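These are the residues of each chain, in order.
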Amino acid sequence: NDVVYIVRDGRNATLSFLYLNFLAGGHNLSRLDQAWEAIHRLDEREGSWGEHVGQILHQADQRRILFVRYEDLIAAPQIEIARIARFAGAKLSTEAIDSCLELERGVDSYVVNPLSGYLDEPDRNSIYDLLQRHRKEDYWRYIFDRRCKEHFHERGGTEPLMHFGYERSGDWWKT
């Protein structure tokens with residue numbers, strides 16, 4: 001029952017999941033002034049990021065869990081893949097890891113998948129336009145207004161953000 005759990009800054013993860021739901025026809029909310037309503041509906045239907053991550057953090061006392069930050073996996077894939085392999089009881093050579101990463105670089109199936117959002121051309125200044133334009137950074141900063149921040153906090157997001165080093169202050173949502 002060992003688990004490798006990839007965690008991502010929950011604000012970006014929430015917006016990414018919201019976008020995937022939008023692309024799959026799960027809702028039609030895309031205007032920036034609809035962000036709170038969209039996130040609220042998503043959390044009611046699927047559960048919030050804070051609730052999901054809070055559950056797995058609670059299980060960490062009862063089972064072996066390796067937490068891997070998505071951002072670390074992207075920044076240093078060789079290191080994180082080796083760490084995952086060690087956790088699983090395997091030792092991968094640097095050459096094997098590099099070979100796998102080289103193979104992955106040549107795959108574009110996710111990018112060309114219409115449900116990934118990479119090919120989508122969202123309305124200018126919509127939630128998803130801002131997400132696409134700031135994809136390589138904390139795009140939540142361009143989308144979350146005061147209500148979104150409060151909602152994320154109230155649904156249990158602050159404690160996991162702090163646990164995984166995404167925030168230093170429990171009051172991040174007030175600023």
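Data block above holds the structure.
Treat the numbers as computed from the prediction; the structure is a model and nothing was measured. (Residues numbered from 1 in each chain as written. Predicted model: local features only at pLDDT ≥ 70, side-chain atom pairs only at ≥ 80, totals over all residues. Heavy atoms only, no water.)

Interaxial distance between helix H2 (residues 35–46) and helix H10 (residues 146–154) falls to 8 Å at its minimum, and their mutual angle equals 20°. In terms of axis orientation, H2 runs roughly parallel to H10. The two elements H2 and H10 cross, and the hand of that crossing is right-handed. Residues Ala35, Trp36, Ile39, His40 and Asp43 of H2 touch H10, and the partners they reach there are Arg147, Cys148 and His151. (Axes fitted to C-alpha atoms, helices over the stretch in contact; angles between N-to-C directions. Helix = DSSP H or I, 4+ residues; strand = E, 2+ residues; numbered from the N terminus. Parallel < 35°, antiparallel > 145°, perpendicular 65-115°, else oblique. Left-handed = near helix turned anticlockwise from the far one by under 90°. Contact = heavy atoms within 4.5 Å.)

By volume, the largest pocket is sized at about 990 Å³. Around the largest pocket, the lining is made up of 26 residues, and of these Arg8, Tyr70, Ile74, Tyr118 and Lys136 lie nearest the centre. Secondary-structure elements contributing two or more residues to the lining of the largest pocket are helix H1 (10–23), helix H4 (70–75), helix H6 (94–105) and helix H7 (109–112). Tallied by class, residues from the lining of the largest pocket come to 13 nonpolar, 4 polar and 9 charged. Each pocket or cavity is described by its volume, and for the second largest pocket that value is around 220 Å³. If you trace the second largest pocket, you find 13 residues lining it, with Ala13, Thr14, Phe17, Trp49 and His52 closest to the centre. For the lining of the second largest pocket, the secondary structure elements donating two or more residues are H1, H2 and helix H3 (49–59). (1 Å grid on protein atoms, 1.4 Å probe; cavity = no way out; pocket = protein on both sides within 12 Å on 5 of 7 lines; lining within 4 Å. Points joined across faces, edges and corners; volume = space filled by probe spheres on them. Nonpolar A, V, L, I, M, F, W, Y, C, P; charged D, E, K, R; others polar.)

Honestly, that's just the spatial picture; any functional story needs more than this.
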